[in-house]
Structure formats: structure tokens, C-alpha cells
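# A structural walkthrough
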Amino acid sequence: MKRSKMMELGVGLFMLAGILGLVFLGLRVSGLTLTAPSDTFRLEANFANIGSLKPRARVTLAGVTVGRVAAIELDTDWYDARVIFELDAELEDRLSRDTTAAILTAGLLGEQYVGLSVGGDPETLADGDTIRDTQSAVVLEELIQQFVSNLISD
Amino acid sequence: MFDNFLEGHEPMSDTPFVVVEGLHFSRGEKEIFRGVDLQIHRGKITAIMGPSGTGKTTLLKLIGGQLYPDAGRVCIDGEDVHRQSRKALFAMRRRMGMLFQSGALFSDLSVYENVAFPLRVHTDLPESMVRDLVLMKLEAVGLRGARELMPSELSGGMARRVALARAIALDPELILYDEPFVGQDPISMGVLVQLTKRLNEALGLTSVMVSHDIKETLTIADYVYVIADGRVMAHGTPAGLDVDQDPRVSQFVHGEPDGPVPFHYPAVDFFTDILDAGGRR
Amino acid sequence: MIRHITHLGRRGCELLEALGRAGIFLFLSAVGVPSREGWYLWLRQMHFVGVLSLAIVLVSGLFIGMVLALQGYTILVDFGAEQALGQMVALSLLRELAPVVAALLFAGRAGSALTAEIGLMKATEQLTSMEMIGVDPLRRVVAPRLWAGVVALPLLTIGFSVVGVYGGYLVGVEWLGVFEGSYWGNMQASVEFIADIGNGMVKSLVFALVVTWIAVFQGYDLVPTAEGISRATTRTVVYSSLAVLGLDFVLTAVMFGGLS
């Protein structure tokens, strides 16, 4: 009987350790926070070319992650890409109207993400507004092509 | 000591408890039974004998409903074993006990727990009652003192006695013995023979015993079937078989090494075989 | 020629038959409500296949995490991207290595033991005698082992991942000097709970079912002799390893390969 108690204890500890491990993975490895998904607001921006930007990519402000790309769709009026961002609610009505959005690359080969930089306009962006001033992704091939054709025309 | 017992040769008139009719069974290409008919009567020890490899264990498994025949049927107390749902079959098996050649004790349970196993599974008896019953059954086989041992610590004969205690734990009506005496030293053999007979008398069991230990089996059996070549070759009381004129029966009953059942495995002529050795392909 | 084709056909039929048997076997043992005693039997098997496999799984996880960090560092440092080490270690562990390697270790440690144990019970007629007592061995012997395996392997996989991530931390941060903040930070920025950890767990659950199923079926279906047991044990390890690696490809294609 004593042996079976030890066994029960062992199995109990084993299962507890498994659950704790999962919690560890959630919190420490995937950076899940225990707070419910925080409030967000949405902004839109049109880009001429988004490169390889993907939904769920990071949106940063001064290098700090402040939100994610919620959706990417084709704007059929202008034939460019409309990107919808989900940003932390605390930034609502705080970003100036002339904030710019640029698609940047983390390192030479890294993922593409969106970088915001704030301007000086006293008016601010509210939920559903559009960022006017955008800078498309740098496509390496185009850059090289440009460089080569400049070289030839010189 | 069994003399008075052997008087029971009166014709068996009551309806048989187990009836096997026209049983056909084959394993792969090999035909094991080609129409076996048996009648096993209540309260008797019926022995099924035959040379090794004639499928005697298979016959027990067919009776227990673990194998399905190709044709024919097995009825226990009027119910066809092979026409039952899985649930009904398991219910039916509660009324049977089976003693396996190796004992087949559950190796992860102690002797006590092994005997208690059928009780715990099929009844809701309180622990004190289970204990009383288990000790009673163990006492019957003389192993009450060994109840804390694990099966690996038992000798072959003891394991078989524990298995016997387990087989009778639920007071079955029918008990099937698979080679109960094989490979036992003379003392354990004697103990087992005596136990089998005593339990049969005391509990009013119907016993079916598969064996090729002629001497021991004939001393305790009430009725004997001899099976060979997939058929019942002879049947009768032990005394009747002893004087049977059929050469094959007499060879088996008297244990003669050669006769109609050949000593040699079928082969080409010895002389030809020897001469052929040089031309092996 | 005809003979070979006939042979092939017969083997095909046998294979199909075995698969059918295995399917019915899985259904009969997995379906049903466990009794109170069933829970206890399950607990015992959890101890056997789970707790006793913990040591080998954790030690392997530690070493694999350490090796990943070492190898990853030497490659990433060429691109000046050694801050991405945490992300690389965590993603390779969570998506691939933890489910697969834990399943392979589990097949070797617990699967083969399950096969041998059930096989021995079959060879010593314990299963038959259980049936004769009126207890279904599928429910009493096979079901607790099957469910213990299905629960234990995902837990072991979690343990493997956690220890592996720490192994990577030890080598990457403590030894090779990657900045600690970027090790954890890049990891947290790139690992998705559902997409990475969740999918890894789904993989592990599938592997657990397949490996345990193969192990108990091989034990139940073997030829009850000493040779039969040793062959079945080998088959368990070979078949489960192949099944795990093959299924891993399929699952990866579905989960991460954009095949949705």
C-alpha cells in the first residue's frame, strides 16, 4: 500500500510538472501574458509595395513593439496594398496625424515589420483612421536592378 | 483409494451439460477437427485424451468460446457458445473455470490477489468477505500460507494449485483442465490428482480434462474420449477402454511406442534417403 | 513471375487484414468508460510509461538544446544574427525536435517494454485466462496502457522542450555570451503560443496515440513464443519510429507548410 502511495505521488508530480512546463512555455518562451488580450484600436495605411510583409508581423514605434499587422488586402481603387494595424489602446488619440509608417527589415535577411515614427502635427489619429505618409518595402532585386541600369547608363 | 469411485459406471441418462456436435476446425491449411461429437455429463470428470498435437487444447478453447469453429456447434447447458454476444459470452464464462497448462497466474499480482481477482471483478462483496472466500479456496488447495508470495516465487505445482483455487473462486459449474498433470514431479502430480477428484466431488463440478497422462487420468476420469486424426476414435469408461480391441486405442492406452500411430514422422524410405545424401541440392 | 505477383497480392491482403485487426483492436480498447479500478490501473501505467521515462527524456532534451545552441551560434554568428539564437532554439524544439525525439525515445523506452509485457502475458496465457474469468483483456490490460501512453508522451514532450530551452540558454547565454535579454526577447517575439506550442502538442498527441497503439497491438497480436516476443519488440521500435517520422512530415506540411 505504501508503495502504491509513492507511485500515486510520483504520477501526480509528473503530471503537475507537465502542466507547469506548459505554463512555462506559454509565459517564458512564447511571451504570452496572463492578462486578457489587451484593448486595441485599428489604423490603416496604404503601401505601394509591401514586399514580404505578413499578417501578424510586428508594428514598432521607436523600436518598441506596439502592435501587429491584423490584415493585408488589395485596395482595388488604387491597386496598392492596404494594411490594417492593431495597436495598443493606450496609443489611441496620441499618434500625430502626420505619423509615417515604413516597412523595414530586421537585419539583412530578417523578417519584415512595420516601423512607425511620429511627426509634429497636433491633431491625432483615432480608431479607423488612415496613415497617409507611408514608405514601401525595399525590394532588394529592384534596388540591384536600379543600380545596374545606372551603371550602364553612366 | 479411488476404487469405490470407479463404480459409477451406470449409463448416463440425464441431459448432457456440454454438447459438442459435428465440430470442424482448421488452422490455416491444417485441419484439426473433422467432425467431433462429445457429450459431457453433469458432475462427472470427462477426460479427452489423445496423442500430442491432436488439438486437445484447441478443443478446450472452442468450448470456452475463445475460438470459432468452421462448422458444428458447442452448447453449454443448452446455449450455443458461439452464437452469443460478447457480453453474453463473458457472462457465460463466469460459470466456467479454466485451468491452464502453465497456470497463467497474473504475474503482477500476489497469490492472494490472484485468487481474489475473479471475486473483485464479478462481485461487490466487502473486503472481509473476499478475504474469507480467498482463504477458503487457498485452504482447499493447501496454500493458505503462501498467500503473500508472488507467482514468480512458486514452483510449477504450487502455481497450478493456486490457479486451481482461482478457477474455483466463483464456484463455477464447469471446469476445464488443460494438461493438469504435465511436467509435475510424482508428489505434486499425486497432490493434483487427488485435489481434482476431491474438488469435483465436494463442489459437484462438471470437469473436462485434456490430458495425455494415461495412468493418472484413467484413475480419476468417469468417461474418456480418445481423439486422433481430428475425430473421436473411441469413447467409453476407463475400464471399457482398457480392453478396447481397436489397435490404435490399445496402443495409446497402453503406451506402446510403435503401432498404428507411427513412431516415425512421415518420411521417404530410410535407405533411399541415405543413398540420396550425396545428391543434395 | 506469376508466383511473385501472387506473393505480392497475398502480402497485400495480409497487410490490409492486419490493419483492419489493429483498427478494431484500437476501437475496442479505447472506447468505454473506465471503472474506478480502471483509473487505478491507468495510474500504474502512467507511472510505468511516464514517470520512469522522464529521466531519459529530460537528459536527452538538455543535450539536444545545448547542441542546438552550439550549432546555431556558429552559423548565426556569421550573419551577425546571434541574437536570434533563442528564437532558433525554441522554434526548432517546439515545432520539430521535442515531439519527434521524445516520441522516438518513448518508443524505445516505453513502447518496447509495453510490447514485451503484453506479449509475455499472452505467452503465459494470462490474457486467455483473463478472458476465461470473464474479464476483457482489451479493457483491463490494453486500455490503461493505451491511455497512459497518450497522456504521458505530450507531458514528456513539454518537459523535453522546457529542458531543451534551458540547455540552449546555458550554452548560448552562459557560455557563448549571447545577451540574455535578446535570447529570451527574440524567443518571445517569434514564438506563437497556438501556432508553435499548440501545433507541437498536437503533433505529440498524434505520435503518442500511434506509438502506443503500435506497441500494444504488437504485444497483443504477436506469436506467443520467446522468438515472437523479441521480434514483436523490434517491430514496435521500427514501426513506431517510421510512423513518427513519416507522420511528422505530413503534419508539418499541414501545419507549417501552408497546405491549409
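Residues numbered from 1 in each chain as written. Chains lettered and ligands numbered in written order. Predicted model: local features only at pLDDT ≥ 70, side-chain atom pairs only at ≥ 80, totals over all residues. Heavy atoms only, no water.

Turning next to a nonpolar patch on the surface. Residue and element names in this part refer to chain A. Nonpolar side chains collect at one region of the surface, where Val 138, Leu 140, Leu 143, Ile 144, Phe 147, Val 148, Leu 151 and Ile 152 lie side by side and expose about 810 Å² of accessible area between them. By secondary structure assignment, the location of Val 148 is in helix α2 (residues 140-153). We classify Val 148 as partly exposed; its relative accessible area is 38%. (Patch = residues over 30% accessible without salt bridge, like charges linked within 9 Å, V, L, I, M, F, W, Y side chains within 5 Å. Areas by Shrake-Rupley, 256 points an atom, 1.4 Å probe, with all protein chains shown as cover. Salt bridge = Lys/Arg side-chain N within 4 Å of Asp/Glu carboxyl O. Helix = DSSP H or I, 4+ residues; strand = E, 2+ residues; numbered from the N terminus. Buried < 20%, exposed > 50% of the residue type's maximum accessible area, 1.4 Å probe, protein only.)

To continue, consider the arrangement of the chains. With two pairs of chains in contact overall, the contact-richest pair is chains A and C. No interface is formed between chain A and chain B, the nearest pair of C-alpha atoms being 13 Å apart. (Contact = heavy atoms within 4.5 Å.)

Right, let's talk about the domain arrangement of chain A for a bit. Domain annotation for chain A reports domain 1 (1-34) and domain 2 (40-144). If you average the C-alpha positions of domain 1 of chain A and of domain 2 of chain A, the two centres end up 41 Å apart. (Domains from an automatic or database assignment.)

Attention shifts here to the interface of chain C and chain B. Counting residues at the interface gives 15 residues for chain C and 24 residues for chain B. Across the chain C to chain B interface the summed buried area is about 1,800 Å²; carbon plus sulfur atoms make up 58%. Among the residues of chain C in contact with chain B, C:Glu125, C:Met132 and C:Ile133 are the three that bury the most area, contributing 37% of the side total. Across the chain C-chain B interface, the total number found is two salt bridges. The partner of C:Arg44 in a salt bridge is B:Asp108, and the shortest N-O contact between them spans 3.0 Å. For the interface between chain C and chain B, the tally reads eight residue pairs in polar contact (both at pLDDT 80 or more). For the side of chain C that touches chain B, the secondary-structure elements that each account for two or more residues are α4 (126-133) and α5 (137-175) of chain C. (Buried area = accessible area lost by both parts, 1.4 Å probe. Polar contact = N/O pair within 3.5 Å; in protein donor to acceptor, adjacent residues only side chain to side chain.)

Before going further, it helps to spend a moment on the pattern of salt bridges. Enumeration over the complete set of coordinates arrives at 26 salt bridges over all chains. Between A:Arg42 and A:Glu86 there is a salt bridge, with the nearest N and O atoms lying 3.3 Å from each other. You can see A:Arg42 sitting in strand β1 (residues 40-47) and its partner A:Glu86 sitting in strand β4 (residues 80-88), a full 44 residues away along the chain. Overall, the relative accessible area of 30% leaves A:Glu86 in the partly exposed class. Between C:Asp221 and C:Arg21 there is a salt bridge, with the nearest N and O atoms lying 2.7 Å from each other. In this pair, C:Asp221 sits in helix α7 (residues 193-221) while C:Arg21 sits in helix α1 (residues 2-30), placing the two residues 200 residues apart along the sequence. Given a relative accessible area of 30%, C:Asp221 falls into the partly exposed group.

Residues and elements named next belong to chain B. Along the chain, Thr 206 turns up in strand β8 (residues 206-211). At 3.1 Å, the side chain of Thr 206 forms a polar contact with the backbone nitrogen of Gly 43. With residues up to four places along the chain from it excluded, the contact list for Thr 206 reads Phe 17, Ile 40, His 41, Arg 42, Gly 43, Lys 44, Glu 173, Leu 174, Ile 175 and Asn 200.

What follows is about the pairing of strand β10 (residues 231-236) of chain B. Residue and element names in this part refer to chain B. Note: strand β9 (residues 223-228) against β10, five bridges, orientation antiparallel. Bridging across to β10, Val 226 finds its partner in Ala 234. Here β9 folds back onto β10 in antiparallel fashion, the turn holding two residues, of which Asp 229 has a positive phi close to 55 degrees. (Pairing = 2+ DSSP bridges.)

Moving on, we get to helix α4 (residues 127-140) of chain B. Residue and element names in this part refer to chain B. Relative to the 20 Å expected for 14 residues at 1.5 Å per residue, α4 spans 20 Å between its end C-alpha atoms, a close match to the ideal helical length. Those residues of α4 that fall on the buried side of the exposure criterion are Val 130, Val 134, Leu 135, Lys 137 and Leu 138. For α4, the buried positions fall inside an angular range of 165 degrees around the axis, keeping them on one side. Residues of α4 that are exposed and angled more than 90 degrees away from the buried face: Ser 128 and Met 136. Summarising the contacts, the buried residues of α4 are in contact with α3 (111-122) and α5 (156-167). Positive backbone phi, approximately 75 degrees, marks Gly 142, located one or two places after α4. (Expected span 1.5 Å × (residues − 1). Arc of directions from axis to C-beta.)

All names here are of chain A. Spatially, eight strands are ordered β7-β1-β4-β3-β2-β6-β5-β8 in an open sheet, and the strand pairing comes out mixed. Strands with a single pairing partner mark the edges of an open sheet, and in this sheet they are β7 (130-131) and β8 (133-135). Summarising the sheet, β1 and β4 pair through eight bridges and their orientation is antiparallel. Counted as the bridge partner of Phe 41 is Leu 87 from β4.

Residue and element names in this part refer to chain B. Read across the sheet, four strands follow the order β2-β1-β4-β5 without closing on themselves; strand pairing throughout is antiparallel. In the strand order of this sheet, the two ends are held by β2 (30-40) and β5 (79-80), each with one partner. Both strand β1 (residues 18-27) and strand β4 (residues 71-76) contribute to a ladder of five bridges, which runs antiparallel. Paired with Val 19 across the bridge in β4 is Cys 75. Seen against the sheet, helix α1 (residues 56-63) touches β1, β2 and β4 and runs at an angle of roughly 120 degrees to β1. (Axes fitted to C-alpha atoms, helices over the stretch in contact; angles between N-to-C directions.)

Each side of the interface is counted separately: chain C has 30 residues, and chain A has 23 residues. Summed over the three residues of chain C that lose the most area to chain A, namely C:Leu155, C:Gln188 and C:Phe193, the buried surface amounts to 22% of that side. Counting the contacts that link chain C with chain A gives two residue pairs in polar contact (both at pLDDT 80 or more). Counting residues per element, the ones that place at least two in the side of chain C that touches chain A are α2 (36-76), α3 (85-123), α5, α6 (180-190) and α7 of chain C. Per-class residue counts for the side of chain C that touches chain A are 24 nonpolar, four polar and two charged. (Nonpolar A, V, L, I, M, F, W, Y, C, P; charged D, E, K, R; others polar.)

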